Each structure stands twice: as structure tokens, then as C-alpha cells.
Amino acid sequence: MFVAKVSRAASLLFTGLFAGFLLGVLVLENSLRGYDASVYTQVRKVELDSLDTLASVTLIPALVSTLILAVLTIRARGNDRWLLLAAFALLALVFVTSLAINLPINGDQADWSVQAPPSDWASVRDRWQLAHVVRTVSAVLALCSLTAAAVSQTVRRNTGAGSDRVLLGSTTGSSQQ
């Protein structure tokens, strides 16, 4: 029980921080679409200075704690196991997208010159930003799934036996008005 509580708290905390971080980057990247290649390259170089580290220290604990929570919930045959599996799958999608698309582009962009960005800079930017949208939406949906699982578990715990009827709004066995 203690491990599940700590895992749930860590999962919500790190997934929330990661999703918020990705949303912030999404807003910045969207703002950059109105600027030329030199400005875009200069800002990307600043982003690449530390943002990959921030992504790692939030995504990896989010993945691990969500996996632990999902495994514990499956073993206990918890009602929220599908929400937790969905959250883990979404975080795994973020991880795979990052490894397959965003990180290789980050590596290439680190070598770009602010004075002479490559001629295909806009298409590279677009590919990175599209993958980033996929990551951001996935992370936000993972956070929503984790939150729904936490809320449903709290409601079940607070309502006791028959909580499924309470959650579904069933009137079976209650007096009619």
C-alpha cells in the first residue's frame, strides 16, 4: 500500500512537471515560427543548453513510477488498471518519439551556425515541432489518465463497498423521489 501511494504521488508529480515543461516549450516553439532562421537557431541553441537534462529528470521518473503503479494495480486487480496502462503507454510513446525524432534533430541543431543556418532549417524545425506536438499531447493525456485513476481510487476508498454503483450514478436499492 505504501509503495503504491508513493508511486502514485511520484507518477502524478513527475508526469505533471514533464507535461508542463513540454507545454512551455510548445508555446515558445510556436512563438518562434514568426522569426527567421538566425533567431530560431540562436533560441534553439539556448534551449539545447539544459532542456534535454530537464526532460530526462522528469520523464524517466514519470515512466518508472507509472510502470510500478500499473504493475501493482494489475496485481491487485484494481479498477483503474486500464487508466494506468494507458498513461504508461502514452509516456512510452513520448519516450520513443523523443529518441527517434527529437533527440537526433537536437544533436544536429547543436552544430548549426547562427550566422549560417542550413538551407532546410524550416523543414527540420517543422519535423521537430510536429514530433513535439505528439509528445506534448501524449504527456498531457497521460497526466489526465493518471489524475482520473487517482480520483476514481479516492472516490472508491471514500465510498466503500458498492462504489461502482455510486460512480455510475445507479439508483438500484435507493428510494425513488
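Small disclaimer: the values here were computed from a predicted structure and weren't measured.

Bringing the overall build of the protein chain into the picture now. Scanning the protein chain for helices and strands turns up 5 helices and 0 strands. When the helices and strands of the protein chain are listed from N to C terminus, the series reads α-α-α-α-α. Every one of the 177 residues in the protein chain was classed for burial, and the buried ones make up 34%. In the protein chain, the proportion of contacts linking residues at least 24 apart, taken out of those at least 6 apart, comes to 78%.

This paragraph deals with the pattern of salt bridges. In the structure shown here, the tally under the stated rule is 5 salt bridges. For the salt bridge of R8 with D80, the shortest nitrogen-to-oxygen distance reads 3.2 Å. Of this pair, R8 sits in helix α1 (residues 2-32) while D80 is found in the loop between α2 (37-75) and α3 (81-109), placing the two residues 72 residues apart along the sequence. For R8, a relative accessible area of 14% gives the class buried. One salt bridge in this structure joins R44 and E29, with 3.5 Å as the shortest N-O distance. Of this pair, R44 sits in helix α2 while E29 sits in helix α1, and the two are 15 residues apart along the sequence. When its relative accessible area of 2% is taken as the criterion, R44 is described as buried. Relative accessible area serves as the criterion here: at 1%, E29 is assigned to the buried category. Residues joined by salt bridges that share partners form a network here, namely E29, R44 and E47.

Okay, the packing of α2 against α3 next. When two helices pack together, you describe them by how their axes are tilted relative to each other and by the distance separating the axes. Remark: α2 packs on α3, axes separated minimally by 9 Å, with the N-to-C direction vectors making an angle of 155°. Put simply, α2 runs roughly antiparallel to α3. Note on packing geometry: the crossing formed by α2 with α3 is left-handed.

Turning our attention to a nonpolar patch on the surface. Judged by side-chain polarity, F2, V3, V6, I60, V64, I68, L72, F95, V96, L99 and L103 come together as a nonpolar surface patch covering roughly 950 Å² of accessible area. Looking at the element boundaries, V3 is found in helix α1. With relative accessibility at 47%, the residue V3 sits in the partly exposed group.

Cut-offs used in this document
- Residues numbered from 1 in each chain as written.
- Predicted model: local features only at pLDDT ≥ 70, side-chain atom pairs only at ≥ 80, totals over all residues.
- Heavy atoms only, no water.
- Helix = DSSP H or I, 4+ residues; strand = E, 2+ residues; numbered from the N terminus.
- Buried < 20%, exposed > 50% of the residue type's maximum accessible area, 1.4 Å probe, protein only.
- Contact = heavy atoms within 4.5 Å.
- Salt bridge = Lys/Arg side-chain N within 4 Å of Asp/Glu carboxyl O.
- Axes fitted to C-alpha atoms, helices over the stretch in contact; angles between N-to-C directions.
- Parallel < 35°, antiparallel > 145°, perpendicular 65-115°, else oblique.
- Left-handed = near helix turned anticlockwise from the far one by under 90°.
- Patch = residues over 30% accessible without salt bridge, like charges linked within 9 Å, V, L, I, M, F, W, Y side chains within 5 Å.
- Areas by Shrake-Rupley, 256 points an atom, 1.4 Å probe, with all protein chains shown as cover.

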